[in-house]
Amino acid sequence: MGCAKSKEARAAVREAQGKSGPGGRAVAKDHLSSQTLPKNRAGSTSTTLADSRARLWAYIDSHPVVIFSKSTCKCCTEVKKLFKAISVPYFLVELDQAEDGRGLEGALSELTSETDVPVVFVKRRKLGGHGQTLKAYQEGRLQKLLKMNGTEELPETYDYDLIIIGGGSGGLAAAKEAASYNKKVMVLDFVTPTPLGTRWGLGGTCVNVGCIPKKLMHQAALLGQALRDSRNYGWNVEETVKHDWERMTEAVQNHIGSLNWGYRVALREKKVTYENAYGQFVGPHRIKATNNKGKEKIYSAERFLIATGERPRYLGIPGDKEYCISSDDLFSLPYCPGKTLVVGASYVALECAGFLAGIGLDVTVMVRSILLRGFDQDMANKIGEHMEEHGVKFIRQFVPIKVEQIEAGMPGRLRVVAKATDSDNTIEGEYNTVLLAIGRDACTRNIGLETVGVEINKKTGKIPVTDEEQTNVPYVYAIGDILEGKPELTPVAIQAGRLLAQRLYGGSTVKCDYENVPTTVFTPLEYGACGLSEEKAVEKFGEENIEIYHSYFWPLEWTIPSRDNNKCYAKIVCNVKDNERVVGFHILGPNAGEVTQGFAAALKCGLTKDQLDSTIGIHPVCAEVFTTLSVTKRSGGNILQAGCG
């Protein structure tokens, strides 16, 4: 599509500007004056013409005024100026910047027979291009169509200023922050039960089935190791130390219950409306809330925030949903899982396998390809080696193809048939429990986003947003694990939610910084990381431009029980051409998260290798190893630790 031309444009805009004073409508609250769709992103999938047609109609159906434009088109700019001059909000689709812009352009040409932009739709009717729009305004037909002086104007008020879909950490943080600015806020949160019927309370994945119970059960495993170590420190501990699964889960769930209650109290104190209901968009600025009894209510809001998070993925094989569990089920499982097969190599898979083995269970991990995809592979492989040395078995390059029940019970007995990834070989094994941890899917496909035209990545369900967490629909925002290309971490969602509310309602301009976000994998040997992996650093700067300093170390506390000598590992990745600035920080050892948190602040401040070298370490602690790193990976020098100093 090209760009149309007209000589009457400036005169029509000047005329419109002159009439937009007394008697002209105020800018409606339900749309920003314009919004460009996010540009095409790597990882977004192409769509068919049918998909483009559907999306085109979604835009037209969902917005009173839609302008299809190109960012470089002068005639498009003049039409946009006209609508701004008469204070009429519009939804803007920049075809040269939108995802699948060519597909949309083809669908638009097929629908309208127009060969030029702009193309304007008003109340689902095609008004036309540049010339037709200006002429319609000059003749009064545009005003009549908009009913600018009638009673059917766009709504000026809403039930709420902000409705948040999802009561996880990010959504709750945004809700409380928005409410602090005296905004009327609603949170809709609904947990769809797992195939086995597990459900939970307010707080989202982290609190109920993620970080909190995972860390507590990891601690249970560490205490078991500490009990064994204590004998070497002079404690007389009975030779038989048994773990009570039911007692542990009861304590963990009691703690989670107290957090659920605390969140509800906090919302009430902030005067945030909370409904345990499933939210689905049903039209522009309108959402349907359905509670667990099927009762439906419709609410309107000036803005919406999608914070729905993710849920575990299933294999799609016979028996997976009938007999397998996920992390959504594990932490409240009413019985000890017994001999367990963990399917997957994600951080969830390895963390769960680690603490299950740590409390004395027989654990096997079935891996399709590599461990901890997306993490530094040097560190990932060291984690796997340590777990194997401590009794966790690994079946590599196999995937389950069928799960059958041999015997019902709590736990029962299951037969798993698996197939090799590189051949037709199959194997069978019997387990009490099969835990699936093969990844997570964004909860975005069944909340009516297509009804209001919100773009999602067709393959992943992730939502592309601007650097201010705004979707392609101006009044809809998104945060957390559902964002495309952003870290899937609870503190990130919390930070993004708070900052978003501060920008929307507090006049702030501060955006969430998604770079150098620290994280920790709570495997038996904890892994803390901040910045780039070795692989990503090589990809970004080139192998010749990075220097890696590394060393093994042996925590003093482990020397008396004589375990895991030189298994802990420290590594920094430096950019040689930037004064050896530290671009990647990695540690494998006890309390890795506590160590990494402090160094993350240093990385934010531009930490260099010289600054590390000039820092005096605290002795004797694990973190001091970073102040004495001297051997480069390139040199191949010895990195085993022999003792103090």
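Residues numbered from 1 in each chain as written. Predicted model: local features only at pLDDT ≥ 70, side-chain atom pairs only at ≥ 80, totals over all residues. Heavy atoms only, no water.

- In the nomenclature of an unreviewed UniProt entry, the chain corresponds to Thioredoxin reductase 1, cytoplasmic from the organism Catagonus wagneri.
- The record held by UniProt for the chain lists under Cofactor (unreviewed entry) the comment "FAD".
- The UniProt entry for the chain carries the following text under Function (unreviewed entry): "Reduces disulfideprotein thioredoxin (Trx) to its dithiol-containing form. Homodimeric flavoprotein involved in the regulation of cellular redox reactions, growth and differentiation. Contains a selenocysteine residue at the C-terminal active site that is essential for catalysis. Also has reductase activity on hydrogen peroxide (H2O2)." (UniProt positions renumbered as here; feature names shortened; annotations may be inferred.)

### Some words on the pattern of salt bridges
Logical step 1: Overall, the coordinates contain 36 salt bridges when judged by the stated rule.
Logical step 2: Taking the shortest distance from any N to any O, the salt bridge between R141 and E139 comes out at 2.9 Å.
Logical step 3: On the basis of relative accessible area, E139 is assigned to the partly exposed category, the value being 48%.
Logical step 4: Across the pair E430 and R413 runs a salt bridge whose closest N-O atoms are separated by 2.9 Å. Pair noted here: E430 is in strand β20 (residues 426-431) and R413 is in strand β19 (residues 413-420), with a separation of 17 residues, a long-range link. (Salt bridge = Lys/Arg side-chain N within 4 Å of Asp/Glu carboxyl O. Buried < 20%, exposed > 50% of the residue type's maximum accessible area, 1.4 Å probe, protein only. Helix = DSSP H or I, 4+ residues; strand = E, 2+ residues; numbered from the N terminus.)

### Some thoughts on the packing of helix α7 (residues 169-179) against helix α10 (residues 245-269)
Logical step 1: With their axes 10 Å apart at the nearest point, α7 and α10 run at an angle of 25° to one another. Relative to α10, α7 is oriented roughly parallel. In the crossing of α7 with α10, the sense of the turn from one axis to the other is left-handed. From α7, L172, A175 and K176 reach across to α10, where they touch Y263, A266 and L267.
Logical step 2: Class assignment of the residues belonging to the contact of α7 with α10 gives a composition of five nonpolar, no polar and one charged. (Axes fitted to C-alpha atoms, helices over the stretch in contact; angles between N-to-C directions. Parallel < 35°, antiparallel > 145°, perpendicular 65-115°, else oblique. Left-handed = near helix turned anticlockwise from the far one by under 90°. Contact = heavy atoms within 4.5 Å. Nonpolar A, V, L, I, M, F, W, Y, C, P; charged D, E, K, R; others polar.)

### Focus: the sheet that holds strand β16 (residues 363-367)
Logical step 1: Within the open sheet, the five strands sit side by side as β14-β21-β15-β16-β17. Their pairing is parallel. Each having just a single partner strand, β14 (325-326) and β17 (393-396) make up the two edges of the open sheet. (Pairing = 2+ DSSP bridges.)

### A short note on helix α14 (residues 377-389)
Logical step 1: Taking 1.5 Å per residue, 13 residues should reach 18 Å; α14 reaches 18 Å between its end C-alpha atoms and fits that length.
Logical step 2: Its side-chain oxygen at 3.0 Å from the backbone nitrogen of D378, D376 defines the N-terminal cap of α14.
Logical step 3: Phi turns positive one or two residues past the end of α14, at G391, with a value near 100°. (Expected span 1.5 Å × (residues − 1). Polar contact = N/O pair within 3.5 Å; in protein donor to acceptor, adjacent residues only side chain to side chain.)

### Here's the deal with the environment of K80
Logical step 1: Turning to its location among the elements, K80 is positioned in helix α3 (residues 74-85).
Logical step 2: For K80, a relative accessible area of 11% corresponds to the buried category.
Logical step 3: For the pair K80 and Y90, spaced ten residues apart in sequence, the C-alpha separation works out to 8.5 Å.
Logical step 4: In contact with K80, not counting residues within four places along its chain, are I67, S69, Y90, L92 and E94.

### Focus: the packing of aromatic side chains
Logical step 1: Applying the stated criterion to the full structure yields 13 aromatic pairs.
Logical step 2: With 6.0 Å between their ring centres and 70° between their planes, Y160 and Y299 make a pair best called edge-to-face. A residue pair is termed long-range when its members are at least 10 positions apart, and Y160 in strand β7 (residues 160-165) and Y299 in strand β12 (residues 296-306) qualify at 139 residues.
Logical step 3: On the basis of relative accessible area, Y299 is assigned to the buried category, the value being 12%.
Logical step 4: Ring-pair connections join several aromatic residues into one group, and the members of that group are F281, F304 and Y475.
Logical step 5: Sitting over the face of the ring of Y431, K339 holds its NZ or CZ atom 5.3 Å from the ring centroid.
Logical step 6: Seen from the ring of Y569, K382 lies directly overhead, with NZ or CZ sitting 4.3 Å from the centre. (Phe/Tyr/Trp six-rings, centres within 6.5 Å; stacked < 30°, edge-to-face > 60°. Lys NZ or Arg CZ within 6 Å of the ring centre and 35° of its normal.)

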